[in-house]
Amino acid sequence: KRVLTLEDGRLASLELAFPREQVSHRFKREEQAWKPEESDLQIDSLELADLVFAIESLDATSLEEGEIDLARLGLAPPRVRVSARDASGAELGWLELGDPDPERGLSARSSAGPEIWRVENSLGEDVPLGVDAFRTKFTPRPDEPTPPAP
């Protein structure tokens, strides 16, 4: 079952929010590269492109059934919320990821419906599950040059 579908041609901006840490970052697509809206933030545009690719047609591995406890699943609040918008600012969709479970996968919910899904834990390699993971993967280390935009 499809958890989220984004029309890549309409996608113009993204917001990565980390509600547990009360941090968020916004990015705009300029031609084929992603640029942060914060002037002092440097990011690896290719990593953001990989994130978009990972979520634009995300399939679930299973459906969470029975009585749903969002806090127990790590979705109240989620570890990360990814919001996608078009050029006019209209929301195209959102995805929230909760806590990983080694056997069942990451808990997830999206704008596609009320269901709570499980997705592969490996999604956490492309979508950062916290501010530290974002900084480690998406921002260059101080001793590294900023990667060139494609």
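The written sequence of each chain sets the order in which its residues are numbered from 1. Local features in a predicted model are, by the rule used here, given only for residues with pLDDT of at least 70; side-chain atom pairs are given and counted only at 80 or more, and totals for whole chains, interfaces and linings are based on all residues. Side-chain numbers here rest on the full set of heavy atoms in the structure, without hydrogens or water.

J.: Can you break down the pairing of strand β10 (residues 113-119) residue by residue, with the values?
T.: On a regular strand, each side chain points to the face opposite its neighbour's, so the side chains alternate between the two faces of the sheet. Bridging between strand β6 (residues 62-63) and β10 involves two bridges; their strand directions are antiparallel. What sits directly across from S62, in β10, is R118. For strand β9 (residues 105-110) and β10, the ladder comprises four bridges, and the chain directions are antiparallel. By the bridge assignment, S107 is partnered in β10 with R118. Where β9 hands over to β10, the hairpin turn is made up of two residues, counted between the paired strands. Between any two strands, at least two bridges found by DSSP are needed for them to pair. In DSSP terms, a helix is any run of H or I states spanning at least four residues, a strand is any run of E spanning at least two, and both are numbered starting from the N terminus.

J.: I'd like a rundown of the side chain of E47, residues and numbers included.
T.: With respect to the secondary-structure elements, E47 resides in helix α1 (residues 45-55). Given the relative accessible area of 17%, E47 is considered buried. Think of a polar contact as two N or O atoms within 3.5 Å of one another; within protein, one of them needs to be a possible hydrogen donor and the other a possible acceptor, and neighboring residues in sequence only count if both atoms come from side chains. A polar side-chain atom of E47 sits 3.2 Å from a polar atom in the side chain of K137. Partly exposed residues are those whose accessible area sits between 20% and 50% of the maximum for their type, while under 20% is buried and over 50% is exposed, using a 1.4 Å probe and protein chains only.

J.: Run through the side chain of E96, naming residues and quoting values.
T.: Along the chain, E96 falls in strand β8 (residues 91-101). Using a relative accessible area of 6% as the deciding quantity, one classes E96 as buried. Within the structure, the side chain of E96 is placed 2.6 Å from the side chain of R109, a separation counted as a polar contact. With sequence-adjacent residues up to four places away left out, E96 is seen in contact with L75, P78, V80, R81, S107, A108 and R109. Contacts between residues were defined by any pair of non-hydrogen atoms, one from each residue, lying within 4.5 Å.

J.: Residue-level account of the pattern of salt bridges, with values.
T.: Between side chains of opposite charge, a pair can form as their charged atoms come close. Salt bridges, as used here, are contacts in which a Lys or Arg side-chain nitrogen is within 4 Å of a carboxyl oxygen on Asp or Glu. Scanning the entire structure with this criterion turns up 10 salt bridges. A salt bridge links R2 to D59; the nearest nitrogen and oxygen atoms lie 2.7 Å apart. Of this pair, R2 sits in strand β1 (residues 2-5) while D59 sits in strand β5 (residues 57-59); the two residues are 57 residues apart in sequence, bridging distant segments of the chain. Overall, R2 belongs to the partly exposed group, its relative accessible area being 35%. On the accessibility criterion, D59 (40% relative accessible area) is partly exposed. Where E96 meets R109, a salt bridge forms, and the shortest distance between an N and an O atom there is 2.6 Å. Of this pair, E96 sits in strand β8 while R109 sits in strand β9, placing them 13 residues apart in sequence. Overall, R109 belongs to the partly exposed group, its relative accessible area being 23%. Here the residues in one salt-bridge network are R20, R79 and D99, joined through shared partners.

J.: Before we move on, could you go through helix α3 (residues 131-138) and cite the residues and values that matter?
T.: Taken as a whole, α3 has its buried residues at V131, F134 and F138. The arc that holds every buried residue of α3, seen down its axis, measures 65°, which confines them to one face. In α3, the exposed positions that point more than 90 degrees away from the buried face belong to D132 and T136. Those residues of α3 that are buried are in contact with β2 (13-18), β3 (23-30), α1 and α2 (123-126). Summarising the geometry, the arc corresponds to the directions from the helix axis toward the C-beta atoms.

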